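What follows is each chain in one-letter form.
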Amino acid sequence: MTVILKLGGSVVTEKDQPETVADDRLADLATAVADSDVSDLVVVHGGGSFGHPHAAEHCVSSTDGTRDPEAVRDIAAAMETLNRAVVGALADAGIPAVPVHPFSTGFRDTDGDLHLPTDQVAAMLDEGFVPVLHGDVLTTAGQGATIVSGDDLVSALATALAADRVGLCSTVPGVLDADGDVVPEITAFEDAADALGESDATDVTGGMAAKVRALLDLGSPAFVFGPDALDAFLAGDDAGTRIRG
Ligand code: IP8
């Protein structure tokens with residue numbers, strides 16, 4: 001069973017406090033992962049209060065690039081720092097987590113298509129490791145470098161590794177309708193278009209709407225859920241909102 005789990009940036013960091021890891025929340029998530037029976041797990045985490053403020057400061061987004069190497073180094077370094085914290089928390093819970101930095105391996109072509117080598121990720125899984133990737137700055141043909149969201153990486157990994165399940169662990173318990181209730185299932189974007197607004201903190205790669213669109217395009221069942229439902233998701237149960245295109 002191959003599972004791709006995204007830990008949202010607002011879950012692993014305190015999103016309103018610059019460069020602050022949400023240590024207790026991260027430790028609880030790591031414990032839930034350690035207690036699960038998933039054989040092949042790939043973790044991807046978002047930028048939260050590390051990547052997004054640096055990207056905004058340098059005016060870099062998924063569509064606006066930079067040719068300033070200092071900006072690239074700055075964003076990449078912030079994400080490496082956060083990745084070290086996430087890998088460290090998983091390691092402390094006994095998970096064989098190892099870091100994978102997308103900037104060093106991937107790029108976008110002139111059509112904006114993401115090229116992310118995944119053979120090394122598959123080899124890591126075969127060797128019993130848990131690869132931990134992250135949203136990052138990424139070389140982009142014709143634009144210098146842009147931001148790649150963890151969600152884009154999740155899609156690329158899910159396709160390349162033929163994932164059985166995909167999970168997005170967010171601060172909200174799922175996709176919420178106008179009354180604040182969790183939408184149990186989305187099979188077409190129009191089902192939830194009214195409920196899908198913008199993310200409230202600085203987020204240069206789009207909010208829930210972009211996530212749902214990407215998940216609808218996957219061949220694997222995907223779930224958006226809150227931290228409390230991580231163990232249910234990892235146990236193979238429905239969690240939060242089920243998204244199936
Ligand atoms: O939080 C963005 O990743 P996301 C990464 O998954 C950076 O959108 C560098 C802002």
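The name that an unreviewed UniProt entry assigns to the protein is Isopentenyl phosphate kinase, with the source organism given as Halobacterium jilantaiense. Check the Sequence similarities (unreviewed entry) section of the UniProt entry for the protein; it says "Belongs to the isopentenyl phosphate kinase family." Under the UniProt heading Catalytic activity (unreviewed entry), the entry covering the protein gives this text: "isopentenyl phosphate + ATP = isopentenyl diphosphate + ADP".

1. Examining the pattern of salt bridges
Where charged atoms of side chains with opposite charge meet at close range, the side chains can pair. Throughout the structure, instances matching the rule amount to 6 salt bridges. We note a salt bridge from Asp-151 to Lys-6, for which the minimum N-O separation is 3.1 Å. Taken as a pair, Asp-151 in helix 7 (residues 150-160) and Lys-6 in strand 1 (residues 2-7) lie far apart in primary sequence, 145 residues in all. With respect to burial, Asp-151 and Lys-6 carry one shared label: buried. With a shortest N-O distance of 3.6 Å, Asp-238 and Arg-242 are connected by a salt bridge. Each member of the salt-bridge network shares a partner with another, and the members are Lys-6, Asp-151 and Lys-211.

2. Remarks on the environment of Asp-237
Looking at the secondary structure, you find Asp-237 in the loop between helix 10 (230-234) and strand 12 (241-243). Those residues in contact with Asp-237 that sit more than four places away from it in its chain are Arg-165 and Ala-232.

3. Structural notes on the sheet that holds strand 11 (residues 222-225)
What the 8 strands build is an open sheet, ordered 3-6-2-1-9-11-12-10; its pairing is mixed. Each of the sheet's edge strands pairs with one partner strand only, and the pair in question is strand 3 (97-99) and strand 10 (185-186).

4. Focus on the environment of Thr-20
With respect to the helices, strands and loops of the structure, Thr-20 is situated in the loop between helix 1 (9-12) and helix 2 (23-34). The partly exposed category is assigned to Thr-20, whose relative accessible area is 23%. In sequence terms Thr-20 and Arg-165 are 145 residues apart; their C-alpha atoms lie 30 Å from each other. Apart from the residues within four sequence positions on either side, Thr-20 is in contact with Thr-13, Glu-14, Ser-49 and Phe-50. From its side chain, Thr-20 meets the backbone oxygen of Gln-17 in a polar contact 3.2 Å long. Within polar-contact distance, the side chain of Thr-20 engages the backbone oxygen of Pro-18 at 2.9 Å.

5. Some thoughts on the UniProt feature "binding site: substrate" (unreviewed entry) in the protein
In the numbering used here, UniProt assigns the feature "binding site: substrate" (unreviewed entry) to Gly-47, His-52 and Gly-150. Of the residues just listed, which span 104 residues, no C-alpha pair is farther apart than 11.9 Å, and they cluster in one region. Those residues in contact with Gly-47 that sit more than four places away from it in its chain are Gly-9, Thr-13, His-52, Met-79 and Leu-82. Take His-52: it is sitting in helix 3 (residues 48-57).

6. A short note on the pairing of strand 7 (residues 136-140)
The element strand 7 is largely enclosed, with a buried count of 4 among its 5 residues. With 5 bridges joining them, strand 7 and strand 8 (residues 144-148) adopt antiparallel strand pairing. Bridged to Asp-136 within strand 8 is Val-148. Here strand 7 folds back onto strand 8, and the loop between the two strands holds 3 residues, one of which, Gly-142, carries a positive phi near 85 degrees.

7. Topic: the UniProt feature "site: Transition state stabilizer" (unreviewed entry) in the protein
Summarizing the sequence annotation, UniProt attributes the feature "site: Transition state stabilizer" (unreviewed entry) to Lys-15 in the numbering used throughout. In this fold, Lys-15 is placed in the loop between helix 1 and helix 2. Given a relative accessible area of 22%, Lys-15 falls into the partly exposed group.

8. Details of helix 2
Helix length check: helix 2 (12 residues) gives 16 Å between terminal C-alpha atoms against 16 Å at 1.5 Å per residue, within 8%. For helix 2, the complete set of buried residues consists of Leu-26, Leu-29, Ala-30, Ala-32 and Val-33. Considered in projection along helix 2, the buried side chains sweep an arc of 160 degrees and stay on one side of the axis. Exposed residues on helix 2 whose side chains face more than 90 degrees from its buried face are Asp-23, Asp-24 and Asp-28. Against the buried residues of helix 2 lie strand 1, helix 1, strand 2 (40-45), helix 4 (69-92), strand 9 (165-169) and helix 10.

How each quantity is defined
Residues numbered from 1 in each chain as written. Predicted model: local features only at pLDDT ≥ 70, side-chain atom pairs only at ≥ 80, totals over all residues. Heavy atoms only, no water. UniProt positions renumbered as here; feature names shortened; annotations may be inferred. Salt bridge = Lys/Arg side-chain N within 4 Å of Asp/Glu carboxyl O. Helix = DSSP H or I, 4+ residues; strand = E, 2+ residues; numbered from the N terminus. Buried < 20%, exposed > 50% of the residue type's maximum accessible area, 1.4 Å probe, protein only. Contact = heavy atoms within 4.5 Å. Pairing = 2+ DSSP bridges. Polar contact = N/O pair within 3.5 Å; in protein donor to acceptor, adjacent residues only side chain to side chain. Expected span 1.5 Å × (residues − 1). Arc of directions from axis to C-beta.

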